[in-house]
Amino acid sequence: MQSTTSQTGHTEAHDAHHEEPGFWRAYVFSTDHKVIGIQYGVTSLIFLLFGFFLMMMMRWQIAYPGHPIPVMGPILEKVLGDVASGGVMSSDLYNSFGAMHGTIMVFLAVVPLAFAAFGNYVVPLQIGAVDMAFPRINMVSYQCFVVGGVVMMVSFFIPGGAAQAGWTSYSPLATSIPTDGQTFWILGMVFLITSSLLGAVNFIATIIQLRAPGMTWMRLPFFVWAQFVTAFLLLLAFPPLEAAAVMQLMDKVAHTSFFLPTGLAIGGNLANVSGGGSPLLWQHLFWFLGHPEVYVLILPALGIVAEVVANNTRKPLWGYKSLVYASLAIGFLSFIVWAHHMYLTGMGTAISTFFQTTTMIISIPSVVILTCLLISLWGGSIRINTPMLFALGFLPMFGIGGLTGLPLGLNYSDIHLHDTYYVIAHFHYVVAPGTIFGLMAGIYYWYPKATGRFMSEFWGKVHFWTSLVFMNLIFQPMFAQGMAGMLRRMVDGGVNYSLAKVGNDAIGGLSDTMIGMNVGISHAAWLLGVSQIPFIINFFWSITHGKKVTSDNPWDATTLEWQTPTPPPHGNFATAMKVYHGPYEYSAPGQSKDFAPQNEPMR
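Not measured: the values here are computed from a predicted model.

(A) Molecular detail of the overall build of the protein chain. Within the protein chain, the regular secondary structure consists of 18 helices and two strands. Expected size for 603 residues packed as a compact globule is a radius of gyration near 25 Å; at 25 Å, the protein chain falls within 12% of this value. Counting all 603 residues of the protein chain, 57% fall into the buried class. Sequence-distant contacts in the protein chain: of pairs separated by 6 or more residues, those separated by 24 or more amount to 77%. When the accessible surface of the protein chain is summed, it comes to about 23800 Å², and 69% of that surface belongs to carbon and sulfur atoms.

Here is the structure:
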């Protein structure tokens, strides 16, 4: 643990000898954790918008198959050529957009925003550190992230277009597509994985080594615990996928057969491969990361919601230790549930029973966390502001996402629901109105600390209510479509490939009601896009025109990030921090005010 003397000495030495860096050192090649956090945040929000834009064009194809895309159709034809001939999205382009939408949203948008952006900016401040443990590695982590993103984006403009094998890149499909898009996808993933691994090591070292004096483990804000567990998930789960990516790259460019089986036929002809590989090996290696990745998405959002709920109820979090132990349990259990994504691969009943059992068990700590947050609202003097609205909206949306995941964890019901729109609805309830609502709560909550100004409350509430309504209009109907057998990843929405379709039997196809839902869902998706415009304008307009904060602690919060100057300078704290008590001492009896900052002794 870093001593008070060492932190003070660091700050004084910095003040005495520091020269103001130029633009490039300050904003492009910065090693300051706050600048890197903002870089991650803005970059990931741009990718989030682009990934959402791909989805909006896909929804046009699903709602109005074969019709030219308004406005964007001619542009796509001019930029991408035959795959958008006449402004109509081809099957290949739909597959590319689907693969890249999933990849961008998970690996380039939500994970870097949840883990790297908020973690970089907030964690060192909350533990009383002057910076991350390895500032230069922190800088390289962001640079690897940018390079990976650029490689992914460039793939749209190469002959044959971007990857078409889905965001899961299953072999042998990923290897057999005769374009270079999948090669670019793999190279981009290697950079993104390297970025996450560097960040994970840095977070773990920072939280263990650089806590301020008195900041014991059970005095850490829950957000720090969430980031700590998330870092371990990334550190342990990403290396198998990076190894798998290199092996798949070798299958693609060096004609090895790590994932290519003997007797593989492509287009009715026997493939010219040495064989001996296992396609299921790729699935195991991918989902060994893919399921912990779900908790990489959700844990930071849970940590943000906990901070916002405690601050706006003006009372301590209920069951703080239960929250910590539940997050640790999730971190452990998330590594032994991955094969519930693979029930249809023909695994034996004993193995499938094991994985469905662990899947049911991991729901328990998730329910514990959700219950603690809900009970924390009881009896609170709740302040309804924009961060709190997003935090409150997160709770039922995450609950719906979790509950609807249980049928997918049971091998019997998953046979029917697997690869249907039900899966899309479940996963997006966890990630979209779930995780992204938590991240939006964090943006509105910490924006005054980062900029010295508030975002507009009015437009923030417009952003929340429109997003809440349209997200539910998008994903709720998909549960019904999925249970009716509508398959995902199909260019026509799965109408002609429904699980219920039996030949040309009139009773086998999807009903007109289920098919007609695609139009309403797509309209809701486009309106959701429109509803993000107030947020985008609010975000940038408020930097210079927002209401100025009148103190360094405008929310009357207790954690250490609010005890710094606003915005925090290089080195963070004017004086070294010392922690005297837990992170959520709100409305404590006998105190002169309803909050007790961690660096001030309680009476």
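(B) Inspection of the side chain of glutamine 61 at higher detail. Looking at the element boundaries, glutamine 61 is found in helix H3 (residues 33-63). A relative accessible area of 6% places glutamine 61 in the buried class. Non-local contacts of glutamine 61, meaning those with residues more than four positions away in its chain, are made with Gly66, Met89, Tyr94 and Val491.

(C) Quick look at the packing of helix H13 (residues 386-409) against helix H15 (residues 421-451). Relative to each other, H13 and H15 sit at 160°, their axes nearing to 8 Å. If you check the angle between H13 and H15, you find them roughly antiparallel. By crossing handedness, the relation of H13 to H15 is classed as left-handed. Of the residues in the contact of H13 with H15, the class split is 19 nonpolar, 10 polar and no charged.

(D) Representation of the confidence of the model for the protein chain. Looking at the protein chain, pLDDT values average 91 and 94% of them are 70 or higher. Considering only residues more than four positions removed or in separate chains, one finds that residues 1-17, a stretch of pLDDT under 50, has 26 contacts. Taken as a whole, residues 501-507 scores under 50 in pLDDT and shows four contacts with residues more than four places along the chain or in a different chain.

(E) Layout of the pattern of salt bridges. Under the defined criterion, the tally for this structure stands at six salt bridges. Between aspartate 419 and arginine 489 there is a salt bridge, with the nearest N and O atoms lying 3.3 Å from each other. Of this pair, aspartate 419 sits in the loop between helix H14 (411-417) and H15 while arginine 489 sits in the loop between helix H16 (457-483) and helix H17 (512-531); the two residues are 70 residues apart in sequence, bridging distant segments of the chain. The class for aspartate 419 is partly exposed, based on a relative accessible area of 27%.

(F) Here's a closer look at unusual backbone geometry. In this structure, the amide linkage connecting serine 171 to the following residue, proline 172, adopts the cis form with an omega of 5°. With respect to the secondary-structure elements, proline 172 resides in the loop between helix H6 (135-154) and helix H7 (173-176). Backbone torsion omega between threonine 566 and proline 567 reads -15°, so that peptide bond is classified as cis. In this structure, proline 567 sits in the segment after helix H18 (533-545). A positive phi is found at arginine 489, a non-glycine position, where the angle reads about 65°. Residue class for arginine 489 comes out partly exposed when judged on its relative accessible area of 37%. A positive phi angle is found at aspartate 556, which is not glycine, with a value near 55°. When its relative accessible area of 31% is taken as the criterion, aspartate 556 is described as partly exposed.

(G) Seen up close, the packing of aromatic side chains. All chains considered together, the criterion is met by 46 aromatic pairs. Pairing phenylalanine 390 with phenylalanine 464 gives two aromatic rings, centres 5.1 Å apart and planes at 80°, and the pair type is edge-to-face. Taken as a pair, phenylalanine 390 in helix H13 and phenylalanine 464 in helix H16 lie far apart in primary sequence, 74 residues in all. Pair check on accessibility: phenylalanine 390 and phenylalanine 464 agree, each one buried.

(H) Just helix H9 (residues 222-253), in detail. Relative to the 46 Å expected for 32 residues at 1.5 Å per residue, H9 spans 45 Å between its end C-alpha atoms, a close match to the ideal helical length. In terms of burial, H9 is largely enclosed, as 23 of its 32 residues are buried. Backbone geometry just after H9 places histidine 255 at a positive phi near 60°.

(I) Representation of a nonpolar patch on the surface in the model. Nonpolar side chains collect at one region of the surface, where Phe23, Trp24, Tyr27 and Phe29 lie side by side and expose about 530 Å² of accessible area between them. Tracing the backbone shows phenylalanine 29 in the loop between helix H2 (23-28) and H3.

(J) Spatial organisation of the nonpolar core. Counting 180 residues, the largest nonpolar core has Phe97, Met100, Phe222, Leu302, Leu317 and Phe394 as its most contacted members. Residues contacting phenylalanine 394, with those up to four places away along its chain left out, are Ile298, Ala301, Leu302, Val305, Pro433, Gly434, Thr435, Phe437 and Gly438.

(K) View of the side chain of serine 376. Along the chain, the position of serine 376 falls in helix H12 (residues 349-377). For serine 376, the side chain forms a polar contact with the main-chain nitrogen of tryptophan 318, separated by 2.8 Å. Once residues lying within four places of it in the same chain are set aside, the contact partners of serine 376 are Val309, Thr313, Lys315, Leu317 and Trp318.

Conventions used here
Along each chain, residue indices are assigned from 1 in the same order as the chain's sequence is written. Where totals are concerned, whole chains, interfaces and linings use all residues; where local detail is concerned, this predicted model gives features only for residues with pLDDT of at least 70, and gives and counts side-chain atom pairs only at 80 or more. The basis for every side-chain value is the complete set of non-hydrogen atoms in the structure, without hydrogens or water. Each helix corresponds to a stretch of at least 4 residues labelled H or I by DSSP, and each strand to a stretch of at least 2 residues labelled E; elements are numbered beginning at the N terminus. Atoms counted for the radius of gyration: C-alpha only. Globule rule: 2.2 Å times the number of residues to the power 0.38. Each residue is placed in one exposure class: buried if its accessible area under a 1.4 Å probe, protein chains only, is under 20% of its type's maximum, exposed if it is over 50%, and partly exposed if it falls in between. Any pair of residues with heavy atoms lying within 4.5 Å of one another is described as a contacting pair. In these tables, accessible area is a Shrake-Rupley quantity obtained with a 1.4 Å probe, and a residue counts as shielded only by the protein chains included in the view. For helices, the axis comes from a line fit to the C-alpha atoms of the stretch in contact; other axes are also lines fit to C-alpha atoms, and the angle between any two N-to-C directions lies between 0 and 180 degrees. An angle below 35 degrees is read as roughly parallel, one above 145 as roughly antiparallel, one from 65 to 115 as roughly perpendicular, and any other as oblique. Rotating anticlockwise by less than a right angle from the far helix to the near helix defines a left-handed crossing, while the corresponding clockwise rotation defines a right-handed one. The classification used treats Ala, Val, Leu, Ile, Met, Phe, Trp, Tyr, Cys and Pro as nonpolar, Asp, Glu, Lys and Arg as charged, and all other residues, Gly among them, as polar. A score from 0 to 100, pLDDT tells how confident the predictor is in each residue. One speaks of a salt bridge when a side-chain nitrogen belonging to Lys or Arg is within 4 Å of a carboxyl oxygen belonging to Asp or Glu. Each Phe, Tyr or Trp ring, with Trp reduced to its six-membered ring, pairs with another whose centre is within 6.5 Å; inter-plane angles below 30 degrees give stacked pairs, above 60 give edge-to-face pairs, and intermediate values give tilted ones. A helix is expected to span 1.5 Å multiplied by its residue count minus one. Candidate patch residues must exceed 30% relative accessible area and have no salt bridge, after which like charges are joined if within 9 Å and Val, Leu, Ile, Met, Phe, Trp or Tyr side chains if within 5 Å. To define a nonpolar core, start from buried Ala, Val, Leu, Ile, Met, Phe, Trp, Tyr and Cys residues and group those joined through side-chain atoms within 4.5 Å. Polar contact is the term for a pair of N or O atoms within 3.5 Å; when the atoms are in protein, one must be able to donate a hydrogen and the other to accept it, and sequence-neighboring residues count only if both atoms are side-chain atoms.

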